[in-house]
Amino acid sequence: MSLKNKTVGEALREGKLRLKAAGKEAYAFEAELLLEKAAGLNRTALFLREGEALLDEAAESYEHFLSQREAGRPTQYILGTWEFMGLPFHVGEGVLIPRGDTEVLVETILETQQKEPLKSILDIGTGSGCIPISLGKFGSFEKIMAVDISPKALDYAKKNAVENKIEIDFYESDLFSHVPMEWKGKLDAIVSNPPYIPKKDIEGLMTEVRDFEPLNALDGGEDGLDFYRAIVAEGKEWLREGGWLFFEIGYDQGEALLSLLREFGYTEIGLKQDLAGLDRVAFGKKSGKGA
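Owing to the predicted nature of the structure, the values given are computational and were not obtained by experimental measurement.

Engineer: Even after reading the chapter, I still don't get the layout of surface pockets, so can you show me in this structure?
Structural biologist: Taken as a whole, the second largest pocket encloses approximately 150 Å³ of empty space. Taken together, the elements giving at least two residues each to the lining of the second largest pocket come down to strand S1 (81-84) and strand S2 (87-90). Partitioning the lining of the second largest pocket into residue classes produces five nonpolar, two polar and one charged.

Engineer: Honestly, the sheet that holds strand S4 (residues 143-148) in this entry has me stumped. Any pointers?
Structural biologist: Note: strands within a sheet are paired through backbone hydrogen bonds, in either parallel or antiparallel orientation. Pairing is mixed in the open sheet, where seven strands are placed in the order S5-S4-S3-S6-S7-S9-S8. Looking at the sheet topology across the chains shown, the edges are occupied by strand S5 (169-172) and strand S8 (266-273). Strand-to-strand twist in this sheet, taken as the mean axis angle between neighbours without regard to direction, amounts to 15 degrees. Two strands pair when backbone bridges link them, and strand S7 (residues 239-248) and strand S9 (residues 279-286) are joined in this way by five bridges, in the antiparallel orientation. Residue pairing for S9: Trp244 is matched across the bridge by Lys285.

Engineer: What's the story with the packing of helix H6 (residues 101-115) against helix H7 (residues 130-138) in this structure? I'm lost.
Structural biologist: Helix packing for two helices is described by the angle between their axes and how far apart those axes are. Here H6 crosses H7 at 40 degrees, and the two axes come no closer than 10 Å. Accordingly, the angle class assigned to the pair H6 and H7 is oblique. Considering only the axes of H6 and H7, their crossing is right-handed. Touching Thr102, Leu105, Val106, Ile109 and Leu110 of H6 are Ile131, Ser134, Leu135 and Phe138, all from H7. Among the residues making up the contact of H6 with H7, the classes are represented as seven nonpolar, two polar and no charged.

Engineer: What exactly am I supposed to notice about unusual backbone geometry here?
Structural biologist: Glycine aside, residues mostly have negative phi, and peptide bonds are mostly found in the trans state. Look at Met85: it is not a glycine, yet its phi comes out positive at around 55 degrees. Within the element layout of this structure, Met85 appears in the loop between S1 and S2. With relative accessibility at 16%, the residue Met85 sits in the buried group.

Conventions adopted
Residues numbered from 1 in each chain as written. Predicted model: local features only at pLDDT ≥ 70, side-chain atom pairs only at ≥ 80, totals over all residues. Heavy atoms only, no water. 1 Å grid on protein atoms, 1.4 Å probe; cavity = no way out; pocket = protein on both sides within 12 Å on 5 of 7 lines; lining within 4 Å. Points joined across faces, edges and corners; volume = space filled by probe spheres on them. Helix = DSSP H or I, 4+ residues; strand = E, 2+ residues; numbered from the N terminus. Nonpolar A, V, L, I, M, F, W, Y, C, P; charged D, E, K, R; others polar. Pairing = 2+ DSSP bridges. Axes fitted to C-alpha atoms, helices over the stretch in contact; angles between N-to-C directions. Parallel < 35°, antiparallel > 145°, perpendicular 65-115°, else oblique. Left-handed = near helix turned anticlockwise from the far one by under 90°. Contact = heavy atoms within 4.5 Å. Buried < 20%, exposed > 50% of the residue type's maximum accessible area, 1.4 Å probe, protein only.

Right, dumping it as structure tokens:
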């Protein structure tokens, strides 16, 4: 059904029906967001003008957006931007979409910084750059570095850093491989939201995630812990004595991460839960002098 010659309100109702029929859980919210972008209106204007005719160009755009969403393309990629910690981030194919759960990770680091002098931090697998950019915006770091193995993800991260006016040193790097050696043994903190989905579970993910988001940002190996093992082990060489390691984790990986941190001699280890009460962040401190 064409959306031409419809009012704004009629087009919105049609969009909601189509996305509901396509099985989209947040169909009403997504239909609104896509129409806002297509029509160049904010949410208030959308409802104030619901009786006005939708311009042909906006109708064509909305039709295109709805078709993409029905096919499974994430709303965030269609919009091209998404919000994290109240900040705008450019996103698209090739970069993981920032999620609200990750805000718990950022908040945990900011809380730790209020108690301890964390001045330098490295983000591993930065993706859109949402973690280091938010830390730069709301924390008091003097040196922020971020790495990713994907040049495409780094392009997004650099663009987002510029837009949010945060100074970050980005490196194309497989974990620590291209981090400047001068920082070895000197970092106050390392943070990572690594790929943590077990390989066997990838196929069962929602279409939006499985078919559109980058696989290398999802696949954590056979048990989902491959990247944690590597970062926990090598991270000790990069942290100063008393430096901190922070991870986002899957809801069922808390005990495994505590065991892993304990095995490598980290102290003050712990978990933090998300708003749903599920384990979401694991952390530990490098033991030794001054720890």
